Amino acid sequence: MPLSELLPTLSQLSHQDKLRLIHFLLLAVAKEQGCSLEPAEDTNSENILLNQLASTSAVVWSPQADPESIQALSELLATAQQSAHA
């Protein structure tokens, strides 16, 4: 079946099914290349990955929370404005 016929159906898959498809294709291509990427039988690697992604958090730093950074940015802005008017 040509890829052009598969794409409309694939686009309708749920997010989790798309991840499963990616996993399936990765294993298939690796097998064709002589590599074995099979997951351990006692774990469900898809669920582990999804749980890790769901529990991941990121720390975002902002100069607005640091008084020294606020002062440094204010000074840079004032210097830039003075240079622009000079």
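Look above for the structure.
Cut-offs used in this document
Residues numbered from 1 in each chain as written. Predicted model: local features only at pLDDT ≥ 70, side-chain atom pairs only at ≥ 80, totals over all residues. Heavy atoms only, no water. Helix = DSSP H or I, 4+ residues; strand = E, 2+ residues; numbered from the N terminus. Rg over C-alpha atoms; globule rule 2.2 N^0.38 Å. Buried < 20%, exposed > 50% of the residue type's maximum accessible area, 1.4 Å probe, protein only. Areas by Shrake-Rupley, 256 points an atom, 1.4 Å probe, with all protein chains shown as cover. Salt bridge = Lys/Arg side-chain N within 4 Å of Asp/Glu carboxyl O. Axes fitted to C-alpha atoms, helices over the stretch in contact; angles between N-to-C directions. Parallel < 35°, antiparallel > 145°, perpendicular 65-115°, else oblique. Left-handed = near helix turned anticlockwise from the far one by under 90°. Contact = heavy atoms within 4.5 Å. Nonpolar A, V, L, I, M, F, W, Y, C, P; charged D, E, K, R; others polar. Expected span 1.5 Å × (residues − 1). Patch = residues over 30% accessible without salt bridge, like charges linked within 9 Å, V, L, I, M, F, W, Y side chains within 5 Å.

*Asks:* Can you help me understand the overall build of the protein in this one?
*Replies:* Tallying secondary structure elements over the protein gives four helices and zero strands in all. The N-to-C order of helical and strand elements in the protein reads α-α-α-α. Computed over its C-alpha atoms, the radius of gyration of the protein comes to 25 Å, more than 25% above the 12 Å expected for a compact globule of 86 residues. Expressed along its principal axes, the backbone C-alpha trace of the protein runs to roughly 70 × 35 × 30 Å. A burial count over the protein gives 3% of its 86 residues as buried. As presented, the protein carries roughly 7,700 Å² of accessible surface, and 60% of it is formed by carbon and sulfur atoms.

*Asks:* Where do I start with the pattern of salt bridges in this structure?
*Replies:* Oppositely charged side chains can pair when the atoms bearing their charge come close. Summed over the entire model, instances satisfying the criterion amount to one salt bridge. A salt bridge links D17 to R20, with the shortest nitrogen-to-oxygen separation between them at 3.0 Å. Pair noted here: D17 and R20 are both in helix α2 (residues 15–32), with a separation of three residues, about one helical turn. By relative accessible area, which is 35% here, R20 ends up partly exposed.

*Asks:* Is there a simple way to explain the environment of L6 in this structure?
*Replies:* Position of L6 among the secondary structure elements: in helix α1 (residues 3–11). L6 sits in the partly exposed class, given a relative accessible area of 31%. Distance in space between the C-alpha atoms of L6 and L21 is 12 Å, their sequence separation being 15 residues.

*Asks:* Got a minute to help me understand the packing of α2 against helix α3 (residues 45–55) in this structure?
*Replies:* Pairs of packed helices are described in terms of their axes, by the angle between the two and the distance that separates them. Running from amino to carboxyl end, α2 crosses α3 at an angle of 125°, the nearest separation of the two axes being 11 Å. One way to sum up the angle between α2 and α3 is to call them oblique. The element α2 and its partner α3 pack so that their crossing is right-handed. Facing Q16, L19, R20 and H23 of α2, the residues of α3 in contact are S45, E46, N47 and L50. Of the residues in the contact of α2 with α3, the class split is two nonpolar, four polar and two charged.

*Asks:* Before we go on, may I ask you to explain α2 in this structure?
*Replies:* Three- or four-residue spacings in an α-helix give side chains the same orientation, since the helix completes a turn every 3.6 residues. Counted at 1.5 Å a residue, the expected span for α2 with its 18 residues is 26 Å, and the 26 Å between its end C-alpha atoms agrees. One or two residues past the end of α2 sits G34, with phi positive at roughly 85°.

*Asks:* Please clarify how a nonpolar patch on the surface should be interpreted in this entry.
*Replies:* Side chains of M1, L3, L6 and L7 sit close together on the surface and give an oily, nonpolar patch of about 430 Å² of accessible area. Owing to a relative accessible area of 46%, L7 belongs among the partly exposed residues under this scheme.

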